[in-house]
Amino acid sequence: MIQTYMITAPEYGKVVDWLEDILPGMKVTHREILMAELLLEENFYRLAEASGDAASFSARLDVRKRFGDVDLRLSAHGMPFNPLEEMSETTEDTKALYSLAILKAHRDKISHSWKKGENVISMRIHRSDSKTALHTLIALVLGVVLGVAMKAGLGAETIRWLGDTLFLPVETIFMNALLMVAAPLIFFSVTAGITGMSDMADIGRMGGKLLMISLAKMAIMLGLAVFLGIWMGAMPELLDMEAVDASSRGATVSVRDVIMSIVPKNIIAPFEGNNLLQVLFLALFFGMLLAKAAEREAWVRDFVSFCNRFFTDAMSTILPLLPVAVAVSMAKLMMNTELTVLLLYGRIIGGAFVELLLVLIVCAVFLTVVGRLSPIPFLRKFLIFSILPFSLRSSNGCLPDTLTFCSNKLGIEKKVAMFSVPVGIQFNMMGDGSYVVMLAILLRLTVGLTVDAEFLCSFFFAALLLAFTFPSVQGAPILVMTSIFGMAGVPASAVMLFIGLDPLIDGFCTVGNVAGNTVSSFLLARMEGKVDEEIYRAD
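Report follows, based on the coordinates. (Residues numbered from 1 in each chain as written. Predicted model: local features only at pLDDT ≥ 70, side-chain atom pairs only at ≥ 80, totals over all residues. Heavy atoms only, no water.)

### Section: unusual backbone geometry
Within the chain, R372 stands out as a residue other than glycine whose phi angle is a positive 55°. By the element assignment, R372 lies in the loop between α13 (342–369) and α14 (376–385). On the basis of relative accessible area, R372 is assigned to the exposed category, the value being 61%. (Helix = DSSP H or I, 4+ residues; strand = E, 2+ residues; numbered from the N terminus. Buried < 20%, exposed > 50% of the residue type's maximum accessible area, 1.4 Å probe, protein only.)

### Quick look at the environment of N513
For N513, the position within the fold is in helix α21 (residues 502–527). Along the primary structure N513 and G424 are separated by 89 residues, whereas in three dimensions their C-alpha atoms are 9.9 Å apart. The contacts of N513, once residues within four sequence positions are left out, are S395, N428, M429, M430, G431 and D432. A polar contact of 2.9 Å, which involves the side chain of N513, links it to the backbone nitrogen of G431. (Contact = heavy atoms within 4.5 Å. Polar contact = N/O pair within 3.5 Å; in protein donor to acceptor, adjacent residues only side chain to side chain.)

### Overview of the pattern of salt bridges
Here the structure, examined in full by the defined rule, presents eight salt bridges. With a closest N to O distance of 2.8 Å, E157 and R160 form a salt bridge. Pair noted here: E157 and R160 are both in helix α5 (residues 156–195), with a separation of three residues, about one helical turn. A relative accessible area of 45% means that R160 is categorised as partly exposed. In this structure, the salt-bridge partner of E528 is K209, at a minimum N-O distance of 2.8 Å. Here K209 lies in helix α7 (residues 206–232) and E528 lies in the loop between α21 and α22 (533–537), a separation of 319 residues in the sequence. What you see here is one network of salt bridges that share partners, running through R60, D62 and E118. (Salt bridge = Lys/Arg side-chain N within 4 Å of Asp/Glu carboxyl O.)

### Quick word on the side chain of N428
Position of N428 among the secondary structure elements: in the loop between α17 (414–424) and α18 (430–446). Classification of N428 as buried rests on a relative accessible area of 0%. Only 3.1 Å separates the side chain of N428 from the side chain of S214, close enough to count as a polar contact. Discounting chain neighbours no more than four positions away, the residues touching N428 are S214, K217, M218, N513, G516, N517 and S520.

### Thoughts on the sheet that holds strand β1 (residues 2–8)
Taken together, five strands build an open sheet; the order of strands is β1-β2-β3-β5-β4 and the sheet is antiparallel. Among the strands making up the open sheet, the edge pair consists of β1 and β4 (110–115). On average, each strand axis in the sheet is inclined to that of its neighbour by 20°, with strand direction left out of account. Bridge analysis of strand β2 (residues 58–66) against strand β3 (residues 69–77) gives seven bridges, and the strand direction is antiparallel. Within β3, the position partnered with L61 by the bridge is L74. Together, β1, β2 and β3 form the strand contacts of helix α1 (residues 12–22), whose direction differs from that of β1 by roughly 160°. (Pairing = 2+ DSSP bridges. Axes fitted to C-alpha atoms, helices over the stretch in contact; angles between N-to-C directions.)

Pasting the structure below:
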């Protein structure tokens, strides 16, 4: 979809009205529309000034929507002029500094080219949150088709050569890239969450209550996830896939081993070995120290916040490669198994849906027992709101709307919501945690290991701790999956079996995460006497 408008300097205001008419229909938010207007204004007038005749200058604006992404494309004839080159300049003019600040803040969204005597400036104003899922689904289908075709037309030796020479390296490179970012992302995510608390009083009182509520819900949910995995039972068909080899299963660790391994020997070891339990310990340790230091070490807290954004951006750079890894993984899978193996994925998706229902049931029970209120108003309102986290697949992405939902629909006092919802994200990954635990138990049964009391005790303790290491980004379950699989004695390579499912299941997991977080915030507000029950009960 492309819509075009010719802009002139004397009548520039009309293009603003035009954008405000058409962009909402393209599912562009009000905040993104304001950003689009600022970027367009800065780039248009810079081009006009560079033309030498700003009064008669005109440019063509194309608004393009492709696969859910919306771009502005500003084109004008003239000598080459790149507005991005001015970003390194300094000036004492206040207006010019303001303009440069706008461009610098959105530099990653702007690109420039000059072709056939025409300057072209492209501005990305809206990125579709469902595009990655769509591309991954397409890649999954293509991978299945390609794998089936190669199995039918190639010999066993050729298939083995392709798997070892082409497909295996691609899988390995992608997984290494994820693991490269996983430990620092989790460390800075948890640390930033703790330092985001206003002061030690918050940590000692409200933060402590929030943590205990979240911990209790998480413990119950992970226990149900264990039983869900046992109920789903072993899937022997998975043993036919190269990613799951019963002979490579690991040893079961004891509670003693888990406890003794929490504290690392040095700061580097947890990151070098990708030991997420030790990474969690370091994050909690340094996060508490920074929170205690308050404003004395404000620059360190700013650095932690920067690193959290930096590694989140790094993950966002790697995730677009997910469709390639999915296509390769599915092609390799289908070359070595039968087409009927796809029925297993249907069972796993069904298990994820049941897991989400269990999350909502646990939340309803806590509202009834701890909050002493009927859960019906919450469930009725949350089921409507859940469309947003299901589509965004990111707890952070829907944070502003979650805050509004908690205040306007659940009656939580805004000050309490502003504290509990952002902080509680890290402690309420109920959807992600229970999904990965379910898979770990299912795979443990598949490789022939027992699920006895000794194993359940140590595994549950370790999984409960690891459940707090999930970063609130898309693809978070994949990052922690290898560690939880290792605790269950399952080969880490089994992660490749579920990469293709992640975009399909991530929506269920995110809804579970947000449900857990909103209920924890509500119960904290209830304990503090900061809930307007009339708003909660209102339709």
